[in-house]
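Now for the letters of each chain:
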Amino acid sequence: MRKNIVAGNWKMNKTLQEGLTFSNELKKLLNNKSVNCEVVIGTPFIHLSEVAKSFKGTKVMVAAQNCADKESGAYTGEVSASMISSTNATHVILGHSERRAYYNETPELLKDKVLQALSSNLTPIFCVGEALEERESDKHFDVVAEQLKGSLFELSKDDFSKLILAYEPVWAIGTGKTASAEQAQEMHAFIRKTLVEKYGEEVANDTSILYGGSCNAGNAKELFSNPDVDGGLIGGASLEAEKFLPIIEAFN
Ligand code: PEP
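What counts as what
Residues numbered from 1 in each chain as written. Predicted model: local features only at pLDDT ≥ 70, side-chain atom pairs only at ≥ 80, totals over all residues. Heavy atoms only, no water. Phe/Tyr/Trp six-rings, centres within 6.5 Å; stacked < 30°, edge-to-face > 60°. Helix = DSSP H or I, 4+ residues; strand = E, 2+ residues; numbered from the N terminus. Lys NZ or Arg CZ within 6 Å of the ring centre and 35° of its normal. 1 Å grid on protein atoms, 1.4 Å probe; cavity = no way out; pocket = protein on both sides within 12 Å on 5 of 7 lines; lining within 4 Å. Points joined across faces, edges and corners; volume = space filled by probe spheres on them. Nonpolar A, V, L, I, M, F, W, Y, C, P; charged D, E, K, R; others polar. Pairing = 2+ DSSP bridges. Axes fitted to C-alpha atoms, helices over the stretch in contact; angles between N-to-C directions. Contact = heavy atoms within 4.5 Å. Buried < 20%, exposed > 50% of the residue type's maximum accessible area, 1.4 Å probe, protein only. Polar contact = N/O pair within 3.5 Å; in protein donor to acceptor, adjacent residues only side chain to side chain.

**Thoughts on the packing of aromatic side chains**
Given two aromatic rings, one states the distance between the centres and the angle between the planes to describe the pair.
Next, step 1: Enumeration according to the criterion identifies eight aromatic pairs in this entry.
Next, step 2: On the numbers, 4.9 Å between centres and 50° between planes, the contact of Phe 141 with Phe 190 is tilted. Here Phe 190 lies in helix α9 (residues 181-199) and Phe 141 lies in helix α7 (residues 140-152), a separation of 49 residues in the sequence.
Next, step 3: An aromatic cluster of three or more residues is present, and its members are Trp 10, Phe 22 and Phe 244.
Next, step 4: Taking the ring centre of Tyr 103 as reference, the NZ or CZ of Arg 99 above it sits at 4.3 Å.

See the structure below:
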């Protein structure tokens, strides 16, 4: 069954203490509230264990924002999927446009990261999305299809069905410029059709596809009400519990 999911991405923000202040605030705000979606918070690596501990016994799960493409060994500075898993984090964001653009993450490399994540029982939240010039030159569908094919389409049906996808148009990330509900639905429907062609109706219908890009309390409900938008990957608006809560509540 396809799930509704609201996932935060703190990026490189918050000290450990600030992260724990956030989790205490969110726990208080969610106390005795009905939550109609899965909630995931993507923290820096060093916060994972403590933030996961802080959310223990709640419905909130914790994600890393990256993992190594190798299992273990002499890779100074890298963090493996099994290390992430050992912190009780359950998810890992992969293929974020910032990692593709600033750290040269290629489709080939991301393919290996996805395999590492799956072999450590982490759920990848795999991001795709086009740059502004690609949309303006009408290449956005091709770009997204290539990103899916280049990193994911060698996976078995069984492995693919463990993934969450996130459509994040690069021009909407951190810019305050959100895709319209129609633009989001159009791309999400295209992604789902691409999945039908590769993995069949059942897998395609069961895959959660999140929207990301300046999603906030003011636009979440409209975006999430589209038939192929199953929630959001939230950057800036996930940094404060009071701003994140109404996005979760968009599913109420
Ligand atoms: C993101 O980085 O995944 C994101 C969607 O950021 P923002 O919500 O700030 O646009």
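**Quick notes on the layout of surface pockets**
Next, step 1: Approximately 520 Å³ is the volume attributed to the largest pocket.
Next, step 2: Along its surface, the largest pocket is lined by 19 residues, and Met 12, Gln 65, Asn 66, Arg 99 and Tyr 103 are the ones closest to its centre.
Next, step 3: A per-element tally of the lining of the largest pocket places helix α4 (residues 97-102) first, with three residues.
Next, step 4: Along the lines of polarity and charge, the residues of the lining of the largest pocket split into nine nonpolar, six polar and four charged.
Next, step 5: Considering only enclosed or pocket space, the second largest pocket measures out at about 250 Å³ in volume.
Next, step 6: Surrounding the second largest pocket, 17 residues form its lining, Ser 97, Glu 98, Ala 101, Ala 131 and Val 170 being those nearest its centre.
Next, step 7: Elements with a contribution of two residues or more to the lining of the second largest pocket: α4, β5 (123-128) and α7.
Next, step 8: Sorting elements by how many residues they give to the lining of the second largest pocket places α4 first, with five residues.
Next, step 9: Partitioning the lining of the second largest pocket into residue classes produces eight nonpolar, four polar and five charged.

**Here's the deal with the sheet that holds strand β2 (residues 38-42)**
Next, step 1: Taken together, eight strands build a closed barrel; the order of strands is β1-β2-β3-β4-β5-β6-β7-β8 and the barrel is parallel. The mean angle between the axes of side-by-side strands here comes to 25°, regardless of whether they run parallel or antiparallel.
Next, step 2: Across two bridges, strand β3 (residues 60-64) lies against strand β4 (residues 91-94) in parallel orientation. Each residue of the ladder has a partner; that of Ala 63, found in β4, is His 91.
Next, step 3: Where helix α12 (residues 241-248) meets the sheet, its contacts fall on β1 (5-9), β2 and β8 (231-234), and the angle it forms with β1 comes to roughly 155°.

**Focus: the side chain of Lys 113**
Next, step 1: When you line up the elements, Lys 113 lands in helix α5 (residues 107-119).
Next, step 2: Using a relative accessible area of 3% as the deciding quantity, one classes Lys 113 as buried.
Next, step 3: Reaching out from Lys 113, the side chain makes a polar contact with the side chain of Glu 105 at a distance of 2.7 Å.
Next, step 4: Non-local contacts of Lys 113, meaning those with residues more than four positions away in its chain, are made with Asn 66, Cys 67, Ala 68, Asp 69, Leu 94 and Glu 105.

**Focus: the pairing of strand β7 (residues 209-212)**
Next, step 1: Burial along β7 is two-sided: Ile 209 and Tyr 211 and Leu 210 and Gly 212, pointing in opposite directions, are all buried.
Next, step 2: Pairing of strand β6 (residues 164-167) with β7, which is carried by three bridges, proceeds in the parallel orientation. Note that in β7 the partner of Ala 166 across the bridge is Leu 210.
Next, step 3: Of the strand pairs in this sheet, β7 and β8 are connected by two bridges, and their pairing is parallel. Residue pairing in the sheet places Tyr 211 in a bridge with Gly 232 of β8.

Shape is all these values report; function is a separate question.
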